[in-house]
Amino acid sequence: MTERENNASRGSDWRARLEGIVPPLIGTRKVMIVGCGSVGSFIAAELARSGVRSFVLIDPDTVEWANLTRTVFGHADIGRLKVDALGDHLKGIFQDISVEAHPHRIQDIQFGPDASLVQRVVNYCASAGSIVTIPTVSAPMSLPQRRHLEALVRSSAGVLARDPAAVEVGRLLIEETRREGGLRDLLGQVDLVIDAVDDPAGRGRLNRYAYAAGVSAIFVGLYVGAKGGEVLLSIPGISPCFQCATGGRRSLANLSSDRVERTRDYGTSRLVAEPALGSDIHFVCSAAVKLALSLLCVDDEKAPLGSFITRALEQRLTSVIFGMEPGYHVFPKSHDGALGQYAFQSVWMTPTSRPDCPVCGAEEFRTLPE
Amino acid sequence: MTLEDSPRDARDRRIAKERLPSSTRKGRVGGRLNFVFIKQTQMGIPFEITLYYDPDEDGYLAQLISPEIERDWRNPHIGHIFEDGVICVGGAKGRASPDLLTAFSKSCVWAEGIAIMIASRNAGRPTEFPFSDNNHPGEVG
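Now for a description of the structure that goes with this document. Since this is a predicted model, take the numbers as computed values, not measurements. (Residues numbered from 1 in each chain as written. Chains lettered and ligands numbered in written order. Predicted model: local features only at pLDDT ≥ 70, side-chain atom pairs only at ≥ 80, totals over all residues. Heavy atoms only, no water.)

### As for the nonpolar core
Thought 1: Grouped together as the largest cluster of nonpolar side chains are 54 residues, with contacts concentrated most on Ile33, Ile43, Leu47, Phe55, Leu90, Ile218 and Val231 of chain A.
Thought 2: Broken down by element, this core gets its largest block of residues, 11 residues, from helix α10 (residues 278-296) of chain A.
Thought 3: Beyond its immediate stretch of four places on either side in the chain, Ile218 of chain A contacts Leu192, Val193, Ile194, Asp195, Val231, Leu232, Leu233, Ala288, Leu291, Ala292 and Leu295 of chain A.
Thought 4: Counting residues in each nonpolar core, the second largest holds 30 residues, with Ala16, Leu33, Phe37 and Leu64 of chain B among its members. (Core = buried A, V, L, I, M, F, W, Y, C linked by side-chain atoms within 4.5 Å. Buried < 20%, exposed > 50% of the residue type's maximum accessible area, 1.4 Å probe, protein only. Helix = DSSP H or I, 4+ residues; strand = E, 2+ residues; numbered from the N terminus. Contact = heavy atoms within 4.5 Å.)

### With respect to the sheet that holds strand β4 (residues 59-66) of chain B
Residues and elements named next belong to chain B.
Thought 1: The strand order across the open sheet formed by 4 strands is β1-β2-β3-β4, and the pairing between neighbours is antiparallel. Strands with a single pairing partner mark the edges of an open sheet, and in this sheet they are β1 (25-29) and β4. Across the sheet, the axes of successive neighbouring strands diverge by a mean angle of 30°, strand direction being ignored.
Thought 2: The sheet contact formed by strand β3 (residues 46-54) and β4 spans 7 bridges and is antiparallel. Opposite Glu48, over in β4, you have Ser66 as the bridge partner. (Pairing = 2+ DSSP bridges. Axes fitted to C-alpha atoms, helices over the stretch in contact; angles between N-to-C directions.)

### Re the pattern of salt bridges
All names here are of chain A.
Thought 1: For the structure on display, the rule yields 20 salt bridges over all chains.
Thought 2: Between Arg10 and Asp96 there is a salt bridge, and its shortest N-O distance comes to 2.9 Å. Taken together, the residues Arg10 in the loop between α1 (3-6) and β1 (30-34) and Asp96 in the loop between α3 (82-93) and β3 (98-102) connect sequence positions 86 residues apart.
Thought 3: By relative accessible area, Arg10 is classed as buried at 7%.
Thought 4: The salt bridge partner of Arg366 is Glu363, with a shortest N-O separation of 3.9 Å.
Thought 5: Its relative accessible area of 30% is what places Arg366 among the partly exposed residues.
Thought 6: You can call Glu363 exposed: its relative accessible area is 59%.
Thought 7: Salt bridges linked by common partners bring Arg10, Arg53 and Asp96 together as one network. (Salt bridge = Lys/Arg side-chain N within 4 Å of Asp/Glu carboxyl O.)

### Describing the packing of helix α1 (residues 7-19) of chain B against helix α2 (residues 100-122) of chain B
All names here are of chain B.
Thought 1: At their nearest, the axes of α1 and α2 sit 10 Å apart, and the two run at 40° to each other. Taken together, the axes of α1 and α2 lie oblique to each other. Residues Asp12, Ile15, Ala16 and Arg19 of α1 form the contact with α2, whose own contacting residues are Leu100, Leu101 and Phe104.
Thought 2: For the contact of α1 with α2, the residue count by class is 5 nonpolar, no polar and 2 charged. (Parallel < 35°, antiparallel > 145°, perpendicular 65-115°, else oblique. Nonpolar A, V, L, I, M, F, W, Y, C, P; charged D, E, K, R; others polar.)

### Some details on helix α8 (residues 200-212) of chain A
Residue and element names in this part refer to chain A.
Thought 1: Taking 1.5 Å per residue, 13 residues should reach 18 Å; α8 reaches 18 Å between its end C-alpha atoms and fits that length.
Thought 2: The buried fraction of α8 amounts to 10 of the 13 residues, a majority that puts the element mostly inside the structure.
Thought 3: All of the buried residues along α8 are Gly202, Arg203, Gly204, Arg205, Leu206, Asn207, Arg208, Tyr209, Ala210 and Tyr211.
Thought 4: The N-capping residue of α8, defined by a side-chain oxygen 3.0 Å from the backbone nitrogen of Ala201, is Asp199.
Thought 5: Two residues or fewer past α8, Gly214 is found with a positive phi of approximately 75°. (Expected span 1.5 Å × (residues − 1). Polar contact = N/O pair within 3.5 Å; in protein donor to acceptor, adjacent residues only side chain to side chain.)

In structure tokens form, the structure reads like this:
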């Protein structure tokens, strides 16, 4: 599609305020937004205004009144799925924006054949001794799917029992392998992932799968009361994964008496939503947007925006923390002696991979998605 | 997916050999090394539990194989077990324990606790999980 056709639904001067800063190729990029709340919805809207035309949105939740104080949603969106409301909001900015909406938790989107399902097979057929056979189901399967399934079952040798229940589970396995639109497919379609979830388990899964798929990801996090926050880059082969990058943040905890990590719910370990200024949240989000745009156009040598990220990467600076309050966290120490300090400071860090990290550590420790 | 031991697997096998019950079975499921053991509780109820490393949670999960726990109790604030059979061994930081031995020991404590609940229910008395301050208020039937 030509540039002219691309812009058919937009006014001829729609790029007037981006010219020379954001290159046109941004319109060919596709971004996955995981979590469409105060962080994700803001970032998605900003990326759309900057020229990104294609989005994959993932979030199981619906819009509540409490969301209106710091998201892009309005009262008419109450009760709607966030992915639908955000999709409409983005199309309200530019009507040609395409959105693929998935109202699910990231954990509920299968990567490929479902390893946890295999785990359940074992739990169900626990008595060790024999090998379950693949049931002869006349379901059409591709050869790679079949081989993968066979490999899964073979790997369970000695643990699975020959049990009628296993046949039923085997049928379920086949259904799983036939499911389309898994996370692997979705990750294969996008240029960048923005993680804005409040669920550490989902974040861990996304971290591993995006890294294994070779897709760059930006993880955005807020500290207690949004008095601070962080943006972590995970670029496979170049920077550590999210889990390792957070090691830098944890090492700073010894330098400060401020509690930065938000409270988690005991049962789900999800971060508990708490009062915070939307402007503080979006301060951190704005940094993530600029990093995202820079990453998305890093291939265009003529685009100065791309050099924003390349210069950071040259110094191996892939993690940044922010403070919104005076005297917050490590900033009195990190900025000690600097003139004119009050609030809105940042410190960039160089995280390293943990050798035994299952995502980005030494090859022998990596655990690839099944 | 590899069927060969990674350094982590080798380390876990060594720990399992030295510290887990000698009857512990080992096997791979979907590439993951599982350690399956039976915990005989003081209440006389045996629990079969599998331990494995979960890379998504970057820690060790303990998952119940048997007996089946009644649906209403499959709640981290009631029976301290999730819907998928994963036992709460990570506290507020998540579902996973940082190492195999912690997952093992906490799952054994959990088994003792849930066994007391089962025994109380079998005796027709209301009950609650005895070893946690994260229970939902009130006893369950």
